[in-house]
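# Coordinate analysis (summary)
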Amino acid sequence: MNTQKEVLAILDEVLSLRGRAATFGADTPLLGAIPELDSMAVVSVITTLEERFGFAVEDDELDGQTFETVGTLVAFVDRKLQ
Amino acid sequence: MSRTSAFVRQPFFLDSPRGARFAVATQPVGAPIGALLFVPPFAEEMNKSRRTVALAAQTFAELGWVTLQIDLGGSGDSEGDFGEADWDGWQSDLSDGWNWLRERCDGVAILWTLRAGSLLAADWLARNDEQPPLLLWQPVSNGSQHLTQFLRLKAASEMLAATEAKGLTARLRAELGADRIVEVAGYRIAPAIAAGLAAATLRLRDGYRSPVALVEVVGGERTEHSPGIAALAEGLRAARTRVVTEVVQGPSFWQTLEIETPPTLIETSVRTIDQLRR
């Protein structure tokens, strides 16, 4: 499974980006750079990741850094999948 | 089922000892062939999904089904404040909606849920002597995890503000446990609602008599269920319940930023309720 591809598909879907996420790379900044990513959207992304990948995220695993870039988010998901 | 393009949408208030409950009945022009009681999702997901649910109810009505949507106490346009709502009251609201439908339609009656509506419905089924067919859209299986996901909204806003968000949902749960109201994303969450939600799980009695349809909306090109829904289907089958599963592609309309509707969700559901009727 290609985690980055799945993560980008989820971002595109939840944030209604209409394909814009396909142009994102690992170093694309997320928090503060994508106006659609407000707190409601952050939670929707986490919930969708939990349901799509079948893991549960603990509260203390999350901080602002998790959503800093596409790469940090993908790395977080990869760690959860190990 | 033959299709007409006629239906009647009737908004009204359903009186209850707990206060007036806003409801919308979407009905066929002639006598209904069956009824659906819609059990809404929790908090903001109800608002996000209103349009899709209304469109589906309209299509069902064109095919002869009557649907009742009810705003649970303290939510939507019903009487009361969300912060004063309680889980038992919501259970009674469902009973009132169910009875309203039963008085008007003697065909099959289906419980139709979205997201955490599945938890309310499962609890209602455990308390009442009914085993209707179930149409579960994107069901939530675990109320405690769902509550955590909701409380996380607050943690996310703190995260965005770069303040300390770690452990925040645990602290909010402790507040609720101490019988205090917490405020998350503009919703005042009362301990009585949080406790009911956290204790709820999507479990049906063994050998549940009627079929259960699980309809999951997935993003991208996927055609298989996510792990949670697959496990749910397996558990129900192991308990000797007939399960119908469907995957439709499209946006998760109960949470997307813009109001959207997955293109094939309604058509798939039409086919599904026809199966549930048999």
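Residues numbered from 1 in each chain as written. Chains lettered and ligands numbered in written order. Predicted model: local features only at pLDDT ≥ 70, side-chain atom pairs only at ≥ 80, totals over all residues. Heavy atoms only, no water.

### Brief notes about the confidence of the model for chain A
Per-residue pLDDT for chain A averages 89, and the proportion of residues at 70 or more is 99%. Of all the helices and strands in chain A, helix H2 (residues 39-53) of chain A carries the lowest mean pLDDT, 87, while helix H3 (residues 70-81) of chain A carries the highest, 95. (pLDDT = per-residue confidence, 0-100. Helix = DSSP H or I, 4+ residues; strand = E, 2+ residues; numbered from the N terminus.)

### Section: the packing of aromatic side chains
Residue and element names in this part refer to chain B. Under the criterion given, the structure shown has 16 aromatic pairs over all chains. Relative to tyrosine 187, the ring of phenylalanine 82 has its centre 5.1 Å away and its plane inclined at 70°; by these criteria the two rings are edge-to-face. Here the residue phenylalanine 82 occupies a position in the loop between strand E4 (65-70) and helix H2 (87-104), and tyrosine 187 occupies one in strand E8 (residues 187-189), the gap between them amounting to 105 residues. Residue phenylalanine 82 is classed as buried on the basis of its relative accessible area of 10%. Exposure remark for tyrosine 187: the relative accessible area of 14% places this residue in the buried category. An aromatic cluster of at least three residues, connected via ring pairs, comprises Phe38, Phe60, Trp112, Trp137, Phe253 and Trp254. (Phe/Tyr/Trp six-rings, centres within 6.5 Å; stacked < 30°, edge-to-face > 60°. Buried < 20%, exposed > 50% of the residue type's maximum accessible area, 1.4 Å probe, protein only.)

### Some words on the interface of chain B and chain A
Each side of the interface is counted separately: chain B has 30 residues, and chain A has 32 residues. With both sides pooled, the region where chain B packs onto chain A buries about 2600 Å², and carbon together with sulfur makes up 54% of that total. In this structure, the connection of chain B to chain A is made through three salt bridges. In this structure, glutamate 50 of chain A engages arginine 152 of chain B in a salt bridge whose closest nitrogen and oxygen atoms are separated by 3.1 Å. (Contact = heavy atoms within 4.5 Å. Buried area = accessible area lost by both parts, 1.4 Å probe. Salt bridge = Lys/Arg side-chain N within 4 Å of Asp/Glu carboxyl O.)

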